[in-house]
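Structure assessment
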Amino acid sequence: MGVLQTVFHAEEEIQGSKYRAIFIGAFVAFGGILFGYDTGTISGVMAMDYTKKTFTSEGHFSASETSLITSILSAGTFCGAILAPLASDTIGRRLGLLVACAIFSVGAILQTAATTQSLLIAGRVIAGAGVGVLSAIVPLYQSETTPKWIRGAVVSCYQWAITIGLLLAACVNQGTHNRSDGGSYRIPFGLQLLWALIMVIGLLILPETPRFYVMKDNFPKAVASLSKLRGLPKEHPVVEQELREIVANYNYEKSFGSTTIIDCFKPANHQLKRIFIGIVIQGLQQLTGINFIFYYGVQFFQNSGIDNPFIIQLIMNIVNVI
């Protein structure tokens, strides 16, 4: 009986369109594909013979060139993530994501057009900035638009989408690495524009988050947004109740007054403990060394004497997605 009561109680909490809630959250997670694809592409591209001839005079990348071109993406990502809150709180979560896609597209175009390392590096930095903004706003948009019963799973989909992006990059690299023309690296780089376009088309249809409208004291638009997200009429009790919860939570947060990033590191209310746990978890995840495989895997397998390094990288990414 206890189990049945729990199931029925869970069903009662699911209000509005289930499919719409799942689709919106899952679609926005598509931003992870942009991140994963951009990360995975460079590993294969820098191991291609035509790329080495085009971008180096010696016919191979030095260790410093390899590390700079590969890791410079993270520098752009860092800057983008730092600036993301400014964009999301000023112009909105949805418009912030559109701006991120635009920045990412500029970086993708520069990488596709590049024939020198300087332009390639510039493209990597700019694309990284777009990825950084996406990484910060996508989970925010998901958490503010999806209902509670699906929120955790939907936000987790962003990380899964990153692994799918890595797999797509490995597939494209496998298909182009034997080409003896610019298409060997331009096709993988150019396809980034397709993923950005898909993201933009979806964002033009999706609404802004109701919480952002509440922040701007625009309650009519907040109601309209919530109604569209839940697939329920504006006058529906569930829409009204959820809006009241959003307003109450926002007012509660405002009651603490203005805050700065320094407040995150104060010992009050276990804030410092929470920040420490988050940092340690992220650090330990990176210390597994998995990023080495995704950034330098093809080159590492190639230098190890493996005959089919691109196939090995593809297999690694299939396992990663599963």
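Quick look at the structure, then. (Residues numbered from 1 in each chain as written. Predicted model: local features only at pLDDT ≥ 70, side-chain atom pairs only at ≥ 80, totals over all residues. Heavy atoms only, no water.)

Some points on the pattern of salt bridges
- Counting across every chain of the model gives 7 salt bridges.
- The residue arginine 124 makes a salt bridge to aspartate 38 at a minimum N-O spacing of 3.5 Å. Here the residue arginine 124 occupies a position in helix H7 (residues 117–145), and aspartate 38 occupies one in helix H3 (residues 31–45), the gap between them amounting to 86 residues.
- Judged by its relative accessible area of 0%, aspartate 38 falls in the buried class.
- Where glutamate 144 meets arginine 93, a salt bridge forms, and the shortest distance between an N and an O atom there is 2.8 Å. One end of the pair, glutamate 144, is in helix H7; the other, arginine 93, is in helix H6 (residues 93–113), and 51 residues separate them in sequence.
- On the accessibility criterion, glutamate 144 (12% relative accessible area) is buried.
- On the basis of relative accessible area, arginine 93 is assigned to the buried category, the value being 2%.
- One network of salt bridges, in which partners are shared, links Asp89, Arg93, Glu144 and Arg211. (Salt bridge = Lys/Arg side-chain N within 4 Å of Asp/Glu carboxyl O. Helix = DSSP H or I, 4+ residues; strand = E, 2+ residues; numbered from the N terminus. Buried < 20%, exposed > 50% of the residue type's maximum accessible area, 1.4 Å probe, protein only.)

Here we look at the packing of H3 against helix H10 (residues 192–205)
- Two elements in contact, H3 and H10, have axes whose closest approach is 9 Å; the angle formed by their N-to-C orientations is 170 degrees. What the angle tells us is that H3 and H10 run roughly antiparallel. Seen from H3, the contacting residues are Gly31, Ile33, Leu34, Tyr37 and Asp38; seen from H10, they are Gln192, Trp195, Ala196 and Met199.
- Here the contact of H3 with H10 is composed, by residue class, of 6 nonpolar, 2 polar and 1 charged. (Axes fitted to C-alpha atoms, helices over the stretch in contact; angles between N-to-C directions. Parallel < 35°, antiparallel > 145°, perpendicular 65-115°, else oblique. Contact = heavy atoms within 4.5 Å. Nonpolar A, V, L, I, M, F, W, Y, C, P; charged D, E, K, R; others polar.)

As for empty space enclosed by the protein
- Inspection of the entire model under this criterion finds 1 cavity of 30 Å³ or more.
- Considered as a void within the structure, the largest cavity measures approximately 70 Å³ in volume.
- Among the secondary structure elements, those contributing two or more residues to the lining of the largest cavity are H3, helix H8 (148–176) and helix H16 (309–321).
- If you tally residues by element for the lining of the largest cavity, the top one is H8, at 4 residues.
- Residues belonging to the lining of the largest cavity are distributed by class as follows: 5 nonpolar, 6 polar and no charged. (1 Å grid on protein atoms, 1.4 Å probe; cavity = no way out; pocket = protein on both sides within 12 Å on 5 of 7 lines; lining within 4 Å. Points joined across faces, edges and corners; volume = space filled by probe spheres on them.)

Structural notes on the side chain of threonine 39
- Along the polypeptide, threonine 39 turns up in helix H3.
- For threonine 39, a relative accessible area of 7% gives the class buried.
- At a separation of 2.9 Å, a polar atom in the side chain of threonine 39 contacts the main-chain carbonyl oxygen of phenylalanine 35.
- In contact with threonine 39, other than residues within four places in its own chain, are Leu73, Leu166, Phe294 and Tyr295. (Polar contact = N/O pair within 3.5 Å; in protein donor to acceptor, adjacent residues only side chain to side chain.)

Observations regarding the side chain of glutamine 111
- Its location among the elements puts glutamine 111 in helix H6.
- We classify glutamine 111 as buried; its relative accessible area is 0%.
- Sequence-distant contacts of glutamine 111, that is, excluding residues within four places in its chain, are made with Asp38, Leu120, Gly123, Arg124, Ala127, Tyr185, Phe189 and Gln192.

Let's talk about the packing of aromatic side chains
- Counted according to the given criterion, the structure contains 11 aromatic pairs.
- Residues phenylalanine 292 and tyrosine 296 carry aromatic rings whose centres are separated by 5.9 Å and whose planes lie at 35 degrees to one another, so their mutual orientation is tilted. A residue pair is termed a helical-turn pair when its members lie 3 or 4 positions apart in one helix, as phenylalanine 292 and tyrosine 296 do in helix H15 (residues 290–303) at 4 residues.
- Judged by its relative accessible area of 41%, phenylalanine 292 is partly exposed.
- Aromatic rings pair up to connect Phe292, Tyr295, Tyr296, Phe300 and Phe301 into one cluster. (Phe/Tyr/Trp six-rings, centres within 6.5 Å; stacked < 30°, edge-to-face > 60°.)

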